[in-house]
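Chain residues, written in single-letter form:
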Amino acid sequence: MTPARSRSTVAWVLLLGALATLPAFTVDTYLPSLPDVASDLDASPALAQLTISGMLIGGAVGQLVIGPLSDRYGRRLPVIIGLALHVVTSLLCAVVGSIEWLIVLRVLQGFFNAAAQIASIAVIRDKFTGSDAARILSRLMLVIGLAPLLAPTLGAAIAGVAGWRAVFVVLAVMGLVLGLVVLRWMPETLPVERRRTGGMRSVLGGYATLVKDRHFVALAVLPGLGMALLMSYVVGSPFVLQEGYGLSDGQFAALFAMNGIGLVVSAQVNASLVRRVAPIRILRVALVMQAGFAVVLLVVASTGAGGLVGLLAALWLTLAMQGLIPANASALALSRHGEMAGTAAAVIGAFQAGIAGVVSPLVGVLGGDAQAMATVMFAAVALSIVILAVATPAFRRGGWHAGAVGT
């Protein structure tokens, strides 16, 4: 890679990473404020948690609506509008007077944030393909990985000084800055001649094409199950580590950051591996290894073996493997339908937000303890292996070959 191209790639990773990180920051920065939100708005913990799962559901719907629009009108316009409305909903969240309205606004916030996530993935497909796309997506994980490293600590600091409502003011400022950056530095990557035309029939036809492709659906579901695994940890860990093991806010934030580092490191390992190893090979091995670590996590959580150290070690290994999975699955899925990358990215994003929004509350339903969290995480990775084995040739003879799932 030439120095000029390398600088260009770094610029794209930073820009698209900032866009892709907005939904994660909007969730993670707000996490430490949940108890204060429940107290201030006289709401139960369950209703307060709906402000998180509601955003995920809104994001899932937003992906499906905005994705086809990005294939028709280009990448810039939808993301600019989405960022503008993110600013508006963030400011409204800052002055809301009831938990019900906060839930509604968070659903809308998730819907509008979907534009940023779609743009980050679709632009990569516009400019890169195959292993290059997987490599760029992995580099993107380096930027996205900053969210769990920085967001909870930042959110706790802001709320500690100015209250939880100030968190939403900061999120509004982030959206405004991102919008200005997109206006100034993000060119349109989808030429007019490559845009899809037609109305609702064309949109539905695009989704029908994707849904009929079982290999695409299988690959697109994997990032969703991975997000379900991560969000099960995000939702369950405050109760498991702080209430169950008595960790302080600072200790919890430090451990949260350590797990974020694991995700970043594995994503960078993946970015190097895809230069020499086919993405499908990495995906297959990573899922099997993650399943093994998840079994250990479930045993430790169920028996108490190893105490807190054993739990944290198994949790770190299980989460770290996630950096090797979504980028490869997404790149392989997108490679099958490059002619409608926005719509394909929308389906992938909808699965990510929707599956996570439905699955992660099961941690609370099952008891909210370490065993419940580990059970849901193990179920997510086990289902991923079953889907990859049944719906693709990845575990069959010849499935190791580059492009085996992409044909």
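This one's a predicted model, so the numbers in the text were calculated from it and none came from an experiment. (Residues numbered from 1 in each chain as written. Predicted model: local features only at pLDDT ≥ 70, side-chain atom pairs only at ≥ 80, totals over all residues. Heavy atoms only, no water.)

Trainee: Report on the nonpolar core, specifying residues and quantitative values.
Mentor: Counting residues in hydrophobic clusters, the biggest one holds 98 residues, and the most contacted among them are Leu 102, Phe 168, Phe 216, Tyr 233, Leu 283, Leu 311 and Met 377. With 15 residues, the single largest contributor to this core is helix α10 (residues 214-244). Not counting the four nearest positions on each side in its chain, Phe 168 is found in contact with Tyr 30, Ser 90, Cys 93, Ala 94, Leu 102, Arg 106 and Gln 109. The next biggest cluster of nonpolar side chains, apart from the first, holds 17 residues, and it includes Leu 16, Val 79, Leu 178 and Met 186. (Core = buried A, V, L, I, M, F, W, Y, C linked by side-chain atoms within 4.5 Å. Buried < 20%, exposed > 50% of the residue type's maximum accessible area, 1.4 Å probe, protein only. Helix = DSSP H or I, 4+ residues; strand = E, 2+ residues; numbered from the N terminus. Contact = heavy atoms within 4.5 Å.)

Trainee: Before we move on, could you go through the packing of aromatic side chains and cite the residues and values that matter?
Mentor: Here the structure, examined in full by the defined rule, presents 3 aromatic pairs. Seen in terms of ring centroids, Tyr 30 and Phe 168 are 5.4 Å apart; in terms of plane orientation they differ by 50°. Their pairing is tilted. Separated by 138 residues along the polypeptide, Tyr 30 in the loop between α1 (3-28) and α2 (34-40) and Phe 168 in helix α8 (residues 164-185) bring together distant segments of the chain. Here the two residues Tyr 30 and Phe 168 agree in accessibility, since each one is buried. Centroid distance Trp 164 to Phe 168: 6.2 Å. Interplanar angle 85°. Geometry classified as edge-to-face. Here Trp 164 and its partner Phe 168 are both found in helix α8, 4 residues apart, which amounts to about one turn of the helix. (Phe/Tyr/Trp six-rings, centres within 6.5 Å; stacked < 30°, edge-to-face > 60°.)

Trainee: I'd like a rundown of the packing of α10 against helix α14 (residues 326-335), residues and numbers included.
Mentor: It is the contact of α10 with α14, at a shortest axis distance of 8 Å, that shows an interaxial angle of 150°. By the angle between their axes, α10 is roughly antiparallel relative to α14. Along this stretch, α10 crosses α14, giving a crossing that reads as left-handed. Residue-level contacts link Phe 216, Leu 219, Ala 220, Leu 222 and Pro 223 of α10 to Pro 326, Ala 329, Ser 330, Leu 332 and Ala 333 of α14. For the contact of α10 with α14, the class distribution of residues is 9 nonpolar, 1 polar and no charged. (Axes fitted to C-alpha atoms, helices over the stretch in contact; angles between N-to-C directions. Parallel < 35°, antiparallel > 145°, perpendicular 65-115°, else oblique. Left-handed = near helix turned anticlockwise from the far one by under 90°. Nonpolar A, V, L, I, M, F, W, Y, C, P; charged D, E, K, R; others polar.)

Trainee: A description of the side chain of Arg 106 should follow, citing residues and the corresponding values.
Mentor: Its location among the elements puts Arg 106 in helix α5 (residues 99-127). In terms of polar contacts, Arg 106 uses its side chain to reach the side chain of Gln 109, at 2.8 Å. In contact with Arg 106, not counting residues within four places along its chain, are Thr 26, Val 27, Tyr 30, Thr 51, Gly 54, Met 55, Cys 93 and Phe 168. (Polar contact = N/O pair within 3.5 Å; in protein donor to acceptor, adjacent residues only side chain to side chain.)

Trainee: Which residues make up unusual backbone geometry, and what values go with them?
Mentor: With the exception of glycine, the majority of residues adopt a negative phi angle, and the majority of peptide bonds are in the trans configuration. Notably, Asp 42 is not glycine yet its phi reads approximately 55°, a positive angle. Considering the arrangement of structural elements, one finds Asp 42 in the loop between α2 and α3 (45-73).

Shape descriptors only; they carry no functional weight alone.
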